[in-house]
Amino acid sequence: MQQNSIYIEAMEMVCSAGLNKEEIFSSLLEGKTGIKQHSDFLSDGTRCAIGRIDSEQTFNELLIQSIQTLLDNATLNNFHHTFLAVGTSVGGMAWAENRFIEDKGSLQKIELKKQSIHAIAHTLKQAFNFKDAITFSTACTSSSNALVFAKELLDAGAYEHVLVVGADEISLTTVNGFNALGVLSSEGAKPFDSKRTGMNVSEGIGAILLSHQKNHRTSDIQLLGTGCSSDAHNITNPHPDGVGAKMAMQEALNNAKIDASQIDYINAHGTGTMANDTAEGKAVQALFEHKPYLGSTKSITGHTLGACGVIELIITAMAMQQEVVPANFNLTEQELNELNLPNKNLSHKINYALCNAFAFGGNNTAIVLKRVTHEN
Amino acid sequence: MKINLKILSSHFVSATDKCENLEEKTLVPKMMLRRRLTRASKIAIFLASKVGYKNERIIFGSAYGEAKATIDIIESIYNKTLLSPTAFQNSVHNTPVSYLSILSENTKEVTTVSDLFDTSLSVLKTGAIKALKKDKLLLMSVDAFSIDKVEELNKCKLTELESGVAMLVEVTQDKANIFVENETFAETSPSLWQMLEIHHKAQNTQNPIVEIEL
């Protein structure tokens, strides 16, 4: 298998914290959260804190617009020779819910191409004519698994360019579902805080174009390594000691051929639920003795479910390019004192970073990024 | 790019309503876990046992996912009744292979793809690339939609409402003797067709090797 370097050639994102990557990153640095209280999502009418994209445009319009913006900033003229790897946990669920309610509980008018997990890829293939596409759906690790596959495709030399898209629209199913599990917060999430109250379901779109091509900017971001594991423990709860999370991170380090001590910053999955943050924190403590900076950006963006892998990889890449470690917004009293959780933005050169994503069924992924300056 | 996969074993199961004799009591001795399993999970666990799965990495495919849990949730929201946490936790596409990994204590990579009628082709392509690491892989595609409102959804008029196909594979440099020719199997979900075609051809081929084109 070939092992040429893989770079982020272009990227774009949209979520409740902003309508493009620059806006979202500014929101992160300014502590401007996209999470708001809504009373029209839970069946019983109670309020919950969720992240909706603040736009007049439909989710599909935003999806196509984001990919067009990315294409405009790439070296490509079109995607006719590009592979599309999509990650989504719900696909066209929100569309299907609307049809079901409009048709008074009938499934007759549900169209598979618009309702299914494949709906995102279907929309993008129609708009941009990709050479081929595969959709990954592993709940909250969906787009991370798409990234893992993209690296494997490029490593194998099967494609010159792979576009990875993570996209999940907010739906009644996910908001009410996480509420039924007792993990939905009525306020902004406080990842890693001892008094955290749960997660904020949010919507988002993230897109990353990967290729072997350097950008010739001040610094390039290289996708260096990936790791995947399964907890083999419980269908919803992570292993309490983060055993699976640790395995995925170790595998990503091995794949990147670097030592744990080289990691400067970890963008945590950090959902704000009691179970996730304790398990992830313990895994980080066990693996990284040098206490790298650790942060969750979900208090600003919310948990964008299947899209979070790509969105948080973009955030991490921007933090590396701009040499800043984003603060852990909403964190006042950390649960695990050994973790290095900055509560204000820090100017810091990040040469190696790690991005975690974990999901239902104990599905774990970790991805290592490297900052390449043109001096080296 | 073409990658050849050696088919080490394969198995197919289907039924007009529900697959019988999935050996749940033997394969899932713990009653609590057995009771939580979805139909697709039971089929996945059965197929894994039939192909001699021994904690390999898994690439799973499903076009429709957990149809029963999905519809139960949407009806519960529409009718403003209490939503079942079990229905929600069982509603994601990787539910069957998550249960399989828990049951078999498999801590390796498990991934799930979903591309409507190309789902099993996506399983094969994903498997072909991942097989370059030179370990054995379990490839599997399952769709189970024997549910109350099936007549409203079954626009293709499929007669087999539950079906699944699985194979253990590994990469090989040897010449292929099986090629995907997009055969159709009218009674079975199109989401399984490409893997089903390979399974049938492998049954009649000595040392079966399939060529996967990416």
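Since the structure is predicted, the reported quantities are computational estimates derived from the model, not experimental observations.

**Quick word on the overall build of chain A**
Piece 1. The helix and strand tally for chain A stands at 11 helices and 14 strands.
Piece 2. Expected size for 376 residues packed as a compact globule is a radius of gyration near 21 Å; at 19 Å, chain A falls within 12% of this value.
Piece 3. With the C-alpha coordinates of chain A rotated into their principal frame, the extents come out at 60 × 50 × 40 Å.
Piece 4. In chain A, which comprises 376 residues, the share counted as buried stands at 65%.
Piece 5. Split by element, the accessible area of chain A, about 12,900 Å² in all, is 43% carbon and sulfur.
Piece 6. Charged side chains in chain A number 27 positive and 39 negative. The centres of these two groups are separated by 1 Å.

**A closer look at the state of the cysteines**
Residues and elements named next belong to chain A.
Piece 1. The tally for this structure, following the rule as stated, stands at zero disulfides over all chains.
Piece 2. As a non-bridged cysteine, Cys-15 has Cys-308 as the owner of its nearest cysteine sulfur, 11 Å distant.
Piece 3. No disulfide involves Cys-308; its sulfur sits 6.0 Å from the nearest other cysteine sulfur, which is in Cys-140.
Piece 4. Here Cys-308 falls in the buried class, since its relative accessible area comes to 0%.

**Focus on the domain arrangement of chain A**
Residue and element names in this part refer to chain A.
Piece 1. Taken domain by domain, chain A comprises domain 1 (7–211) and domain 2 (219–373).
Piece 2. In this structure, domain 1 and domain 2 have C-alpha centres spaced 19 Å apart.
Piece 3. Listed by partner, the interface residues are 65 residues for domain 1 and 66 residues for domain 2.
Piece 4. In this assembly, domain 1 packs against domain 2 so that about 5,000 Å² is buried in total across both faces, 70% of it on carbon and sulfur atoms.
Piece 5. Our enumeration of links across domain 1 and domain 2 arrives at three salt bridges.
Piece 6. A salt bridge links Glu-335 to Arg-196; the nearest nitrogen and oxygen atoms lie 3.2 Å apart.
Piece 7. There are 27 residue pairs in polar contact (both at pLDDT 80 or more) connecting domain 1 and domain 2.
Piece 8. Of all the secondary structure elements, the ones that give two or more residues to the side of domain 1 that touches domain 2 are strand 1 (7–15), helix 1 (21–30), helix 6 (142–156), strand 6 (161–168), helix 7 (172–180) and strand 7 (204–211).
Piece 9. The class makeup of the residues in the side of domain 1 that touches domain 2 is 31 nonpolar, 23 polar and 11 charged.

**Brief notes about the packing of aromatic side chains**
All names here are of chain B.
Piece 1. Following the criterion strictly, the structure yields 11 aromatic pairs over all chains and no others.
Piece 2. Look at Tyr-64 and Phe-145: their rings are 5.0 Å apart centre to centre, the planes differ by 75 degrees, and that puts the pair in the edge-to-face class. Of this pair, Tyr-64 sits in the loop between strand 2 (57–61) and helix 4 (67–78) while Phe-145 sits in the loop between strand 4 (137–144) and helix 8 (150–153), and the two are 81 residues apart along the sequence. We note that Tyr-64, like Phe-145, is buried.

**Description of the pattern of salt bridges**
Piece 1. In this structure the tally under the stated criterion is 26 salt bridges over all chains.
Piece 2. B:Glu109 is the partner of B:Lys130 in a salt bridge, and the nearest nitrogen-oxygen pair spans 2.7 Å. Taken together, the residues span a long stretch of sequence, with B:Lys130 in helix 7 (residues 119–130) and B:Glu109 in the loop between helix 6 (95–104) and strand 3 (110–113) at a distance of 21 residues.
Piece 3. Residue B:Lys130 is classed as buried on the basis of its relative accessible area of 2%.
Piece 4. Classification of B:Glu109 by relative accessible area gives buried; the value is 5%.
Piece 5. One network of salt bridges, with partners in common, ties together A:Glu152, B:Arg57, B:Glu109, B:Lys130 and B:Asp135.

**Here's the deal with the interface of chain B and chain A**
In many reports, interface size means the accessible area that the parts give up when they come together.
Piece 1. Taken together, the 47 residues of chain B in the interface contact 56 residues of chain A.
Piece 2. Summed over both partners, the interface of chain B with chain A buries about 4,500 Å², with 66% contributed by carbon and sulfur atoms.
Piece 3. Taken together, chain B and chain A are joined by two salt bridges.
Piece 4. Residues A:Asp132 and B:Lys125 are paired through a salt bridge, measuring 2.6 Å at the closest nitrogen-oxygen approach.
Piece 5. Summed over the shared surface of chain B and chain A, the result is 10 residue pairs in polar contact (both at pLDDT 80 or more).
Piece 6. Here the element with the most residues in the side of chain B that touches chain A is helix 4 of chain B; it accounts for seven residues.
Piece 7. Per-class residue counts for the side of chain B that touches chain A are 21 nonpolar, 14 polar and 12 charged.

**Observations regarding helix 6 of chain A**
Residues and elements named next belong to chain A.
Piece 1. Given a rise of 1.5 Å per residue, 15 residues ought to cover 21 Å, and the 21 Å separating the end C-alpha atoms of helix 6 matches this to within 8%.
Piece 2. Among the 15 residues in helix 6, 15 count as buried, and that is most of the element.
Piece 3. Positive phi shows up at Gly-157, right after helix 6, with a value of about 80 degrees.

About the thresholds
- Residues numbered from 1 in each chain as written.
- Chains lettered and ligands numbered in written order.
- Predicted model: local features only at pLDDT ≥ 70, side-chain atom pairs only at ≥ 80, totals over all residues.
- Heavy atoms only, no water.
- Helix = DSSP H or I, 4+ residues; strand = E, 2+ residues; numbered from the N terminus.
- Rg over C-alpha atoms; globule rule 2.2 N^0.38 Å.
- Buried < 20%, exposed > 50% of the residue type's maximum accessible area, 1.4 Å probe, protein only.
- Areas by Shrake-Rupley, 256 points an atom, 1.4 Å probe, with all protein chains shown as cover.
- Lys, Arg positive; Asp, Glu negative; His and termini not counted.
- Charge placed at Lys NZ, Arg CZ, Asp CG, Glu CD.
- Disulfide = S-S within 2.5 Å.
- Domains from an automatic or database assignment.
- Contact = heavy atoms within 4.5 Å.
- Buried area = accessible area lost by both parts, 1.4 Å probe.
- Salt bridge = Lys/Arg side-chain N within 4 Å of Asp/Glu carboxyl O.
- Polar contact = N/O pair within 3.5 Å; in protein donor to acceptor, adjacent residues only side chain to side chain.
- Nonpolar A, V, L, I, M, F, W, Y, C, P; charged D, E, K, R; others polar.
- Phe/Tyr/Trp six-rings, centres within 6.5 Å; stacked < 30°, edge-to-face > 60°.
- Expected span 1.5 Å × (residues − 1).

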